[in-house]
Amino acid sequence: MDTKIALGCDHGGFDLMCEVKHHLDKRGVPYVDFGTYSKESCNYPVFGKAAAEAVASGECDRGIVICGTGIGISIVANKIKGIRAALCCDCYTAEMCRKHNDANILAMGGRVTDPELAILITDIFLDTEAEGGRHAERRAMIAEIENDERKK
Ligand code: RB5
């Protein structure tokens, strides 16, 4: 798989991000790591924004972002135009966020999802394609809302 992944986390997601990176290394999936690089307390908006901007600009194809709950960093990622970030805590949601929402960023919570499950979720996110038809039409509606909001 040639898809390049943008990674971003805070201190609450650091340990889980290390597990995810180890797994990506084993699979041979390329990534760009936008930090954070330690467990020292930091601000998740900084790292969520950096990873999301890399996806939005096309520098990376998809992203994985992790904070303590996954909530804050997913909210940040979704502020960037063109980003559809999905917070996933189970395999079904991971599958559907790709098939129905064409999520281009996976968010997870380092304090809520154990590493074994997080790796399963990561694989599903990487390996599932988006469906077209009515789902593509709904995604186009999301983009329209995003564009309209930006004109205000
Ligand atoms: C940091 O303590 C924590 O608030 C952060 O990792 C995240 O859970 C925010 O949504």
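Residues numbered from 1 in each chain as written. Predicted model: local features only at pLDDT ≥ 70, side-chain atom pairs only at ≥ 80, totals over all residues. Heavy atoms only, no water.

## Observations concerning a nonpolar patch on the surface
So, step 1. A surface patch of nonpolar side chains, amounting to about 240 Å² of accessible area, comprises Ile-71, Ile-75 and Leu-87.
So, step 2. Here Ile-75 shows up in helix α3 (residues 71-77). (Patch = residues over 30% accessible without salt bridge, like charges linked within 9 Å, V, L, I, M, F, W, Y side chains within 5 Å. Areas by Shrake-Rupley, 256 points an atom, 1.4 Å probe, with all protein chains shown as cover. Salt bridge = Lys/Arg side-chain N within 4 Å of Asp/Glu carboxyl O. Helix = DSSP H or I, 4+ residues; strand = E, 2+ residues; numbered from the N terminus.)

## Observations regarding the sheet that holds strand β1 (residues 5-9)
Sheet strands pair by backbone hydrogen bonding; their relative direction is either parallel or antiparallel.
So, step 1. Spatial ordering of the open sheet is given by β2-β1-β3-β5-β4, a layout of 5 strands whose pairing is parallel. Each edge of the sheet is formed by a strand with only one pairing partner; in this case those strands are β2 (31-33) and β4 (85-87). Put simply, the sheet's adjacent strands are angled 20 degrees from each other on average, direction ignored.
So, step 2. Of the strand pairs in this sheet, strand β3 (residues 62-67) and strand β5 (residues 105-109) are connected by 5 bridges, and their pairing is parallel. (Pairing = 2+ DSSP bridges. Axes fitted to C-alpha atoms, helices over the stretch in contact; angles between N-to-C directions.)

## Quick notes on the site of the ligand
So, step 1. Residues in close proximity to the ligand include Asp-10, His-11, Tyr-44, Cys-67, Gly-68, Thr-69, Gly-72 and Arg-111, which together make up its full environment.
So, step 2. Within the side chain of Arg-111, an N or O atom sits 3.3 Å from an oxygen atom of the ligand.
So, step 3. Within the complex, the protein chains bury 71% of what would otherwise be the 290 Å² of accessible surface of the ligand.
So, step 4. Looking at the shell around the ligand residue by residue, the classes come out as 2 nonpolar, 4 polar and 2 charged. (Near = heavy atom within 4 Å. Polar contact = N/O pair within 3.5 Å; in protein donor to acceptor, adjacent residues only side chain to side chain. Nonpolar A, V, L, I, M, F, W, Y, C, P; charged D, E, K, R; others polar.)

## Quick look at the pairing of β1
So, step 1. For β1, the buried fraction is high: 5 of the 5 residues fall into the buried class.
So, step 2. In terms of strand pairing, β1 meets β2 through 3 bridges, oriented parallel. Within the sheet, the bridge partner assigned to Ile-5 lies in β2 and is Tyr-31.
So, step 3. For the crossover from β1 across helix α1 (residues 14-27) to β2, the handedness is right-handed.
So, step 4. Strand direction decides the pairing type here: β1 and β3, joined by 5 bridges, are parallel. If you follow Ile-5 over to β3, its bridge partner there is Arg-62. (Buried < 20%, exposed > 50% of the residue type's maximum accessible area, 1.4 Å probe, protein only. Right-handed = clockwise from strand over helix to strand, strands pointing away.)

## Some remarks on the packing of helix α4 (residues 91-99) against helix α5 (residues 115-127)
Each pair of packed helices gets described by two things: the angle between the helix axes and the distance between those axes.
So, step 1. Remark: α4 packs on α5, axes separated minimally by 8 Å, with the N-to-C direction vectors making an angle of 20 degrees. Comparing their axes, α5 and α4 come out roughly parallel. Considering how the two elements wind past one another, α4 and α5 form a crossing that is right-handed. Contacts from Cys-91, Ala-94, Glu-95, Cys-97 and Arg-98 in α4 reach Leu-117, Leu-120, Ile-121, Ile-124 and Phe-125 in α5.
So, step 2. Tallied by class, the residues present in the contact of α4 with α5 amount to 8 nonpolar, no polar and 2 charged. (Parallel < 35°, antiparallel > 145°, perpendicular 65-115°, else oblique. Left-handed = near helix turned anticlockwise from the far one by under 90°. Contact = heavy atoms within 4.5 Å.)

## Digging into the pattern of salt bridges
So, step 1. Taken as a whole and assessed by the stated rule, the structure comprises 10 salt bridges.
So, step 2. With a shortest N-O distance of 2.8 Å, Arg-27 and Asp-127 are connected by a salt bridge. Here Arg-27 is found in helix α1, whereas its partner Asp-127 is found in helix α5, with 100 residues between them in sequence.
So, step 3. On the accessibility criterion, Asp-127 (47% relative accessible area) is partly exposed.
So, step 4. Of the charged contacts in the structure, one is a salt bridge between Glu-53 and Lys-49, with a shortest N-O distance of 3.2 Å. With Glu-53 and Lys-49 both in helix α2 (residues 44-57) and 4 residues apart, the pair spans about one turn of that helix.
So, step 5. Residue class for Lys-49 comes out partly exposed when judged on its relative accessible area of 41%.
So, step 6. Where salt bridges share partners, they join Arg-27, Asp-123 and Asp-127 into one cluster.

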